[in-house]
Amino acid sequence: MKKSFLLSVVLLTLCPAAFACTNFIVGKKASADGSVICTYNADDYGMFQGLCHFPAAHHAKGTMRKVYDWDTNKYHGEILEAEETYNVIGNINEWQLTIGETTFGGREEMVDTTGILDYGSLIYIALQRSKTAREAIGVMTTLVEQYGYNSEGETFTICDPNEAWIMEMMGAPQPATQKAGKGKTAKGRTVWVALRIPDDMICGHANQSRISRFNMKDKSGDVLFSKNVVSYARQMGWFSGKDEEFSFCNTYAFPDFSGRRICDARVWSFFRRYADGMDRYLPWAEGHDNEAEPLPLWVRPNRKLTVADVETAMRDHYEGTPFSLDQDMGGGIWQMPYRPTPLYFTVDGKKYFNERPTSTQQTGFSYVSQMRSWLPREVGGVLWFGNDDGNMVPYTPVYCCATSSPRPYNTPGADAVTFSMDNAFWVQNWVSNMVYPRYSLLFPELQQKRDSLDRSYFIGQKEVEDRALLLNGEARVRFLTDYTAQKANEMLDVWRQLAFHLIVKYNDMTVKPEQDGRFELTPEGLGAKVKRPGYPLPFARELIRQTGEKFELK
């Protein structure tokens, strides 16, 4: 147990958090089977990430826990450890509680450099200490009040099998003087608000604060907030209206062009895919019109969504919208729906930007969490997990009770600068980086493998879970842990074979012909004559438009 715990801690430090992520949320009455569903694309630049694991444990009273920053591994300090902690695999725990995040930043002066808890550590500590979403909100807000919160503004997705919540949090450090505003000093080390998402709605957030006005007189228990959420803004001189006029996002993280076009547009695209009437919010997503109608925090879908539907949304490149990435030469010869980073660039003194879709090459891991209240918790919680850009990988099933991280997601010796054929992150990135620049040519083969695996998981899910339901206690946990590892290993083997196949078939921008899954040979046993596909017609036309008669044969 001690060795397993130490390995889990090491792996967690190798899973740095992301500054540009996407979360989608589906209430239990908005899903096809009654599941609560939530997602997370953990997007960062050049970072190695895996599937984190913390085993359940008991700790002696008074034990202290060291806190290391999830992004930087910098030591922040110690907090009192809970006497009992729960099993956590990835971002789901043994009670099916799932927590994700996106960073929105907000006012820089609200970062509390004296705090111990960063947002990533806060997520995993809450998962280890909480059974429900409400309990997690209580744990998280209590901890930051006691120990301080040192990250920028954060939006958290907090879901269990019965409830889906969105919570936004920022530090509230006291200024050196009280000249910034008038009135009494607001008490509290953080400002935050948490709203329960209606069961029949879908929600999303993507690096822009999403909570605006909220009912401060709510008696249902579905609206929670810090006592200082308004008074701190008054103290700082940022708000002077009536309490009921207070908007969290407008005050602490105003949605400027970047917040709308680069961030909220991803949520708009998710809403548009599954809800009616979303074109009215296109001006908001475009980001230029300061008078545009704001995007709603949640909407009712026009049909009930499956896990497969939500996986599709995580693979979105703005297809069929004005932001689509297949309309210009930025995609290169083979119409790649990805763009190089950084998002902003300068040409001849003028500033420009790239579209930023949900599916992006810098994703370190992606998941779709399925939480089901009617099943035993070991069976009900499934983290459908991919160790790269969700568009480029299948989502393998990881059951919430799993007591170890599969070797492909937790590979000894593999790290950010060490490639391993046994590691999912590296093998999947190897394949992805072959496909990106020759997207329209190679992606259909990857898509076929991806979708075939995804379908096999869904088809086999009922049989596997029926078998698990016949078992009890540790036998059920072992069975689902083994199944989780089996699917990860099988996926990795398929992806290695896909890598070999792609490099052989598409070597030197040609295509080796196949028949019945085998490369064709000449009667003499040599490789058959290759095909040379040349330019796709849209690119060829653009090339001629730009070059005129330069390459014309006369």
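Residues numbered from 1 in each chain as written. Predicted model: local features only at pLDDT ≥ 70, side-chain atom pairs only at ≥ 80, totals over all residues. Heavy atoms only, no water.

Some details on the side chain of Glu 355
What counts, and what does not: Each helix corresponds to a stretch of at least 4 residues labelled H or I by DSSP, and each strand to a stretch of at least 2 residues labelled E; elements are numbered beginning at the N terminus. Working rule for contacts: check all heavy atoms of both residues, and any pair within 4.5 Å makes them a contact.
Looking at where Glu 355 falls in the secondary structure, it is placed in the loop between strand 18 (350-353) and strand 19 (363-371). Those residues within four positions of Glu 355 in sequence are excluded, and the remaining contacts are Arg 261, Tyr 318, Phe 323, Leu 325 and Leu 343.

Focus: the pattern of salt bridges
In plain terms, the rule: The term salt bridge refers to a side-chain nitrogen of Lys or Arg lying within 4 Å of a carboxyl oxygen of Asp or Glu. For every residue, the accessible area obtained with a 1.4 Å probe (protein chains only) is divided by the maximum for its type, and the residue is called buried under 20%, exposed over 50%, and partly exposed between those limits.
Per the stated rule, a full pass over the model turns up 30 salt bridges. Between Asp 222 and Arg 134 there is a salt bridge, and its shortest N-O distance comes to 2.7 Å. Taken together, the positions of Asp 222 in the loop between strand 14 (202-205) and strand 15 (223-225) and Arg 134 in helix 3 (residues 133-147) put the pair 88 residues apart, joining distant regions of the chain. A relative accessible area of 22% means that Asp 222 is categorised as partly exposed. Put simply, Arg 303 and Asp 309 hold a salt bridge, and the shortest N to O gap is 2.8 Å.

Quick notes on the pairing of strand 12 (residues 164-171)
Short version of the rule: By the convention used here, strands pair only if DSSP detects at least 2 bridges between them.
The element strand 12 is extensively covered by neighbouring structure, given that eight of its eight residues are classed as buried. Taking every second residue as pointing to the same face, both faces of strand 12 are buried, with Ala 164, Ile 166, Glu 168 and Met 170 on one and Trp 165, Met 167, Met 169 and Gly 171 on the other. Linking two consecutive strands that pair antiparallel, namely strand 11 (residues 153-159) and strand 12, is a turn of four residues.

So, helix 3
Put simply, the rule reads: By this rule the span expected of a helix is its residue count minus one, scaled by 1.5 Å.
Taking 1.5 Å per residue as the helical rise, helix 3 with its 15 residues ought to reach 21 Å, and the 21 Å between its terminal C-alpha atoms agrees with that figure. Restricting attention to buried positions, one finds in helix 3 the residues Ala 133, Ala 136, Ile 137, Val 139, Met 140, Thr 141, Leu 143, Val 144 and Tyr 147. Downstream of helix 3 by a residue or two, Gly 148 has a phi angle that is positive, lying close to 90°.

Quick look at unusual backbone geometry
In this structure, Pro 342 follows Thr 341 across a cis peptide bond, with omega equal to 5°. Position of Pro 342 relative to the elements: it lies in the loop between helix 8 (307-314) and strand 17 (344-347).

Regarding the packing of aromatic side chains
To be explicit about the condition: Paired rings are identified among Phe, Tyr and Trp, the last through its six-membered ring, by centres lying within 6.5 Å, and are further divided according to the angle between planes into stacked (under 30 degrees), edge-to-face (over 60) and tilted (the rest). Think of it as a cone above the ring: NZ of Lys or CZ of Arg counts as a charge over the ring if it is within 6 Å of the ring centre and within 35 degrees of the ring normal.
This structure, assessed with the given rule, holds 35 aromatic pairs. Judged by centre distance (6.1 Å) and plane angle (65°), the ring pair of Tyr 338 and Tyr 439 falls under edge-to-face. Placement of Tyr 338 in the loop between helix 8 and strand 17 and of Tyr 439 in helix 11 (residues 439-469) is noted, with a sequence separation of 101 residues between them. On the basis of relative accessibility, which here comes to 11%, the residue Tyr 439 falls in the buried class. Aromatic rings pair up to connect Phe 214, Phe 225, Tyr 232, Trp 238, Phe 239, Phe 246, Phe 248 and Tyr 252 into one cluster. A cation over a ring is seen here: Arg 65 above Phe 54, with NZ or CZ 5.7 Å from the ring centre. Here the guanidinium or amino end of Arg 377 rests over the ring plane of Trp 95, the centre of that ring lying 3.6 Å away.

Description of the environment of Leu 122
In this fold, Leu 122 is placed in helix 2 (residues 119-129). On a C-alpha basis, the gap between Leu 122 and Thr 141 in space is 9.5 Å, while along the polypeptide they are 19 residues apart. Not counting chain neighbours up to four residues away, the residues in contact with Leu 122 comprise Leu 117, Met 140, Leu 143, Val 144, Tyr 149, Phe 156 and Met 169.

Structural notes on the pairing of strand 13 (residues 190-196)
On a regular strand, one side chain projects to one face of the sheet and the next to the other, so that they alternate. Counting buried residues in strand 13 gives seven out of seven residues, a clear majority hidden from the surface. Here strand 13 shows a buried face lined by Thr 190, Trp 192, Ala 194 and Arg 196 and a second buried face lined by Val 191, Val 193 and Leu 195. When strand 13 meets strand 15, the two strands line up antiparallel, connected through three bridges. Each bridged residue has a counterpart across the sheet, and for Ala 194 the counterpart in strand 15 is Leu 224.

Topic: the confidence of the model for the protein
The condition is simple: Note on scores: pLDDT gives the predictor's confidence for each residue, bounded by 0 and 100.
Considering every residue of the protein, the mean pLDDT works out to 94; 95% of them sit at 70 or more. A low-confidence stretch, residues 1-18 (pLDDT under 50), is modelled with 45 contacts involving residues beyond four sequence positions or located in other chains.

Observations regarding the packing of helix 2 against helix 3
The line we're drawing: Axis lines are fitted through C-alpha atoms, for helices just across the contact stretch, and the angle between N-to-C directions can take any value from 0 to 180 degrees. Note on angle classes: values under 35 degrees are labelled roughly parallel, values over 145 roughly antiparallel, values of 65 to 115 roughly perpendicular, and the remainder oblique. By the definition used in this description, the sense in which the near helix is turned from the far one sets the handedness, with an anticlockwise turn below a right angle giving left-handed and a clockwise turn giving right-handed. For this classification, the nonpolar set comprises Ala, Val, Leu, Ile, Met, Phe, Trp, Tyr, Cys and Pro, the charged set comprises Asp, Glu, Lys and Arg, and every other residue, Gly included, is treated as polar.
Close contact between helix 2 and helix 3 brings their axes to 9 Å; oriented N to C, the two are set at 130°. Classed by the angle they form, the pair helix 2 and helix 3 counts as oblique. For the crossing formed where helix 2 meets helix 3, the hand is right-handed. Residues Leu 122, Ile 125, Ala 126 and Arg 129 of helix 2 pack against Glu 135, Ala 136, Val 139, Met 140, Leu 143 and Val 144 of helix 3. Of the residues belonging to the contact of helix 2 with helix 3, the class tally is eight nonpolar, no polar and two charged.

Some words on a nonpolar patch on the surface
How we decide: A patch consists of residues exposed above 30% relative accessible area that lack any salt bridge, with like charges linked at up to 9 Å and nonpolar side chains (Val, Leu, Ile, Met, Phe, Trp, Tyr) linked at up to 5 Å. Each accessible area is a Shrake-Rupley estimate made with a 1.4 Å probe; only the visible protein chains count as cover when residues are assessed.
Together, Phe 345, Val 347 and Tyr 352 line one region of the surface with nonpolar side chains, adding up to about 250 Å² of accessible area. Mapping Tyr 352 onto the fold places it in strand 18. Overall, Tyr 352 belongs to the partly exposed group, its relative accessible area being 36%.

Some remarks on the nonpolar core
Where we set the bar: In this description, a nonpolar core means a group of buried Ala, Val, Leu, Ile, Met, Phe, Trp, Tyr and Cys residues linked to one another through side-chain atoms lying within 4.5 Å.
Counting 117 residues, the largest nonpolar core has Ile 99, Phe 156 and Ile 158 as the members making the most contacts within it. Contact partners of Ile 158, with chain neighbours within four places excluded, come to Leu 97, Thr 98, Ile 99, Ala 133, Ala 136, Ile 137, Met 140, Glu 163, Ala 164, Trp 165 and Met 167. Of all hydrophobic cores here, the second largest spans 33 residues; its members include Val 191, Val 223, Val 229 and Phe 248.

Some points on the side chain of Arg 450
Tracing the chain through its elements places Arg 450 in helix 11. For Arg 450, a relative accessible area of 6% gives the class buried. Residues contacting Arg 450, with those up to four places away along its chain left out, are Arg 315, Gly 390, Asn 391, Val 393, Pro 394, Phe 443 and Trp 495.

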